[in-house]
Structure formats: structure tokens, C-alpha cells
Amino acid sequence: MTAEVRGADVAGQGVGARQGTVLVTGAAGFVGRHTVEAFHRAGFRVTAVDLRPAPVHLLRAARWERADYADAALLAQVASGRFGTVVHLATAGDEAAGPAEAALTGPARLADACAAGGARLLYASSYAVYGVQRRQEPLPEDAEDDRTRCSGPLGPYARSLLALDRHMRARHATGLDWAGLRCTHVFGPDEQDKGLAASFLSRLVRAAASRGRVRLYDDTLTAARDHLPVGTVTETLVLLARRPEPVPPDVYNLGSGHPVSFAELLQWCARARREAGGGALEVDLVANPAAATYRHYTCAGTTRLDKALPGRPTVTRQDVESRTAALFAHFSPL
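Residues numbered from 1 in each chain as written. Predicted model: local features only at pLDDT ≥ 70, side-chain atom pairs only at ≥ 80, totals over all residues. Heavy atoms only, no water.

**Overview of the overall build of the protein**
Looking only at helices and strands, the protein features 9 helices and 14 strands. For the protein, the C-alpha radius of gyration of 20 Å lies close to 20 Å, the compact-globule estimate for 334 residues. In terms of its C-alpha atoms, the protein occupies a principal-axis envelope of roughly 60 × 45 × 40 Å. Expressed as a percentage of the 334 residues in the protein, the buried residues total 54%. The contacts in the protein between residues at least 6 apart in sequence include a share of 77% that link residues at least 24 apart. For the protein, the exposed area adds up to about 14,100 Å²; of that, 52% sits on carbon and sulfur atoms. Separation of charge centres in the protein, based on 39 positive and 35 negative side chains, amounts to 1 Å. (Helix = DSSP H or I, 4+ residues; strand = E, 2+ residues; numbered from the N terminus. Rg over C-alpha atoms; globule rule 2.2 N^0.38 Å. Buried < 20%, exposed > 50% of the residue type's maximum accessible area, 1.4 Å probe, protein only. Contact = heavy atoms within 4.5 Å. Areas by Shrake-Rupley, 256 points an atom, 1.4 Å probe, with all protein chains shown as cover. Lys, Arg positive; Asp, Glu negative; His and termini not counted. Charge placed at Lys NZ, Arg CZ, Asp CG, Glu CD.)

**Digging into the packing of aromatic side chains**
Taken as a whole and judged by the stated rule, the model has 5 aromatic pairs. Considering the side-chain rings of tyrosine 217 and tyrosine 294, the 5.6 Å spacing of their centres and the 85 degrees angle between planes classify their relative orientation as edge-to-face. Placement of the pair is tyrosine 217 in strand E9 (residues 213-217) and tyrosine 294 in the loop between strand E14 (282-286) and helix H8 (303-308), with a sequence separation of 77 residues. Looking at arginine 225, its charged tip hangs above the ring of phenylalanine 200, at a distance of 5.8 Å from the centre. (Phe/Tyr/Trp six-rings, centres within 6.5 Å; stacked < 30°, edge-to-face > 60°. Lys NZ or Arg CZ within 6 Å of the ring centre and 35° of its normal.)

**Side note on the pattern of salt bridges**
All chains considered together, the criterion is met by 24 salt bridges. As a salt-bridge pair, arginine 33 and aspartate 190 come within 2.6 Å of each other at their nearest N and O atoms. Of this pair, arginine 33 sits in helix H1 (residues 30-41) while aspartate 190 sits in the loop between strand E8 (185-187) and helix H5 (200-210), and the two are 157 residues apart along the sequence. Using a relative accessible area of 6% as the deciding quantity, one classes arginine 33 as buried. The class of aspartate 190 is partly exposed, set by a relative accessible area of 31%. The salt bridge partner of arginine 166 is aspartate 145, with a shortest N-O separation of 2.3 Å. (Salt bridge = Lys/Arg side-chain N within 4 Å of Asp/Glu carboxyl O.)

**Remarks on helix H4 (residues 156-171)**
When the terminal C-alpha atoms of H4 are compared, their 22 Å separation across 16 residues agrees well with the 22 Å that a helix rising 1.5 Å per residue should span. Turning to H4, its buried residues number three or more, namely Ala158, Ser160, Leu161, Leu162, Leu164, Asp165 and Met168. (Expected span 1.5 Å × (residues − 1).)

**Some points on the packing of H1 against helix H6 (residues 230-242)**
Running from N to C, H1 and H6 point in directions that differ by 50 degrees, and their axes come no closer than 9 Å. One way to sum up the angle between H1 and H6 is to call them oblique. Viewed along their axes, H1 and H6 form a crossing whose handedness is right-handed. For the pair formed by H1 and H6, the contact residues are Phe30, Val31, His34, Thr35, Ala38 and Phe39 on the first element and Val230, Val233, Thr234, Leu237, Val238 and Ala241 on the second. (Axes fitted to C-alpha atoms, helices over the stretch in contact; angles between N-to-C directions. Parallel < 35°, antiparallel > 145°, perpendicular 65-115°, else oblique. Left-handed = near helix turned anticlockwise from the far one by under 90°.)

Written as C-alpha cells, this is what we have:
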């Protein structure tokens, strides 16, 4: 493991020396970049790890290590007690994760290192573990095995995360301070490098703002999804890291709880385009090649997190709309 860049080393504000240190894996990814910045702003000393180069605009926000998060030398640092918190974002869907890390081995080794070193482990799971949601109502965490409420994971990425969630519950019921967050559809600025893996909301807004023309499946105008601003994710992670007492070790849904229909998203984009002086928004409807497995509706039940983390950052429908408008303005050439 080699240090790529050594950035600012900011003393923790309001937290002890060890508690003010955080390791972020997958730090060069979309959520990772925002997480590094959020912890830096909060006064933590951040070590950022990724196989990809450090983003230039974040060089001073962290000490960057260009390495595999499951590198033996890095795990030894974690096990030695160097970090108060480890935020694991290099999930199976992360392009920086090697093939062996697409399964359970790497995250499990990281969790064991955290247990040995006394670090609080916060990791990204995904709402994708539920697959197709069968009812239009908030879905709680214990629905993962209820096939009347959801289909279960539909691909290797979601299956690997569900396997990790189950491993954590079984292996670390005690002896490790940890929480997994099953985030819904995370969106925000700086997603462009994700290509087709960028959030649906971001891709829709970018097409509407830059081209004035969007393409949707013809059975999705009444579809509705639980969109989650990336800032809410990072604020939640910082709050979890700051807490003197841990939350109960478990997996928690994190979403807005306010599904927004695709038709309403189109209305927001059309209004933003008019207000910017653009023409009408054109919509092309095409057949859905995977209608049976398409996630037409998502809505996270967050009662478990509400109880475990009082005062947590929440999102209103108006928040989703205002952040969508900000994204449109960011992408608009008008």
C-alpha cells in the first residue's frame, strides 16, 4: 500500500483524538467523494482509500491511499486501533473493487479488523436487496424474506450485499459496533462519471436540461421511487460516527420515505426548462424490455432508524424537488 497524496490532517472538533479519525473506503466514488468532504467539514481526520486516483478538488480534505481496501497492511492499521470509525463504501458494485471483493470475503475481513481494533464500522448496503417491491407502502427491513412484499435480490450486486447484511448479523451480533445502511436511490451533483450507473433522477434531469428530450419506458409514467439526496446520506454517516453511544448493531433502511412519480419528475423538469427560457420538454416512450423485474415502486420504511437515531437528518418532498431543480440548473446550458 502506497500513499498517493497526503492532504490536510485536521484535528477533530468536539471529538477525541482517536474518535476523530475516520477511514473511508471507495473514497473516489460518487458517495465516497461526498463522504470525504462531509467528514472533513465536520472536523475529522480523514484517511481515504481507493484504487482510483484522488479527486483533485479533495486532495486537501484527506490523506489519500491508492490501495485495495482489503490490503493486508491497511487491515493491520484498522486492527491496531488507528481509526475511530471506518466508513465502507467500496461495495460489490464499485468499479474499484477487485473480483474477489465482489463477494463477502473482503468486507468480512474488514469487519473482523474493525472488531479487533475497536473501530465503529458503518457500511453501505442497498435498498436493491429487496428487489421488486410488491405493495405501494413503506417496506421495513424484516421484509427481505417476505415474498408477498418483495421479490428479493435480482442480481449478483444485490445478492452480495444481502449476504453481507446476514453475515454481519450472524457474526457480529456482539463485539463490534456497526451499522449498515440500505440506501434507496441516491442522487446529487458530481455523478457524471458513473455513466449509466448514475441515478435515474440524475440521468433524467441531465437529459431534460441539456437536450430537452428524455426517453422513458412506456409503463413507467405512474412508477414512483424513493429518491435520496446524497447530502442526507453523508449527514447520517457523520451523525452515526459522532454518537458517543452506538446504535444497536443492525441493518437500517435510509430513504426519503416520499416516492415521487416519474410523471411528476417530468413536470418538475418541464417547469424548470420553461423558467430557464427553453422550449418544450419532449418525451419518447419506448417498450420496457424487462417489465416483470423493473422496480416500478420503492418506498423505504425507516421506523427502525427513527428509533435508533433520534434527530437524524430527514428529507421532505419539497427537499427532493428543490435539489432536483438545483441539478437542472447545474446541467442546463441555458
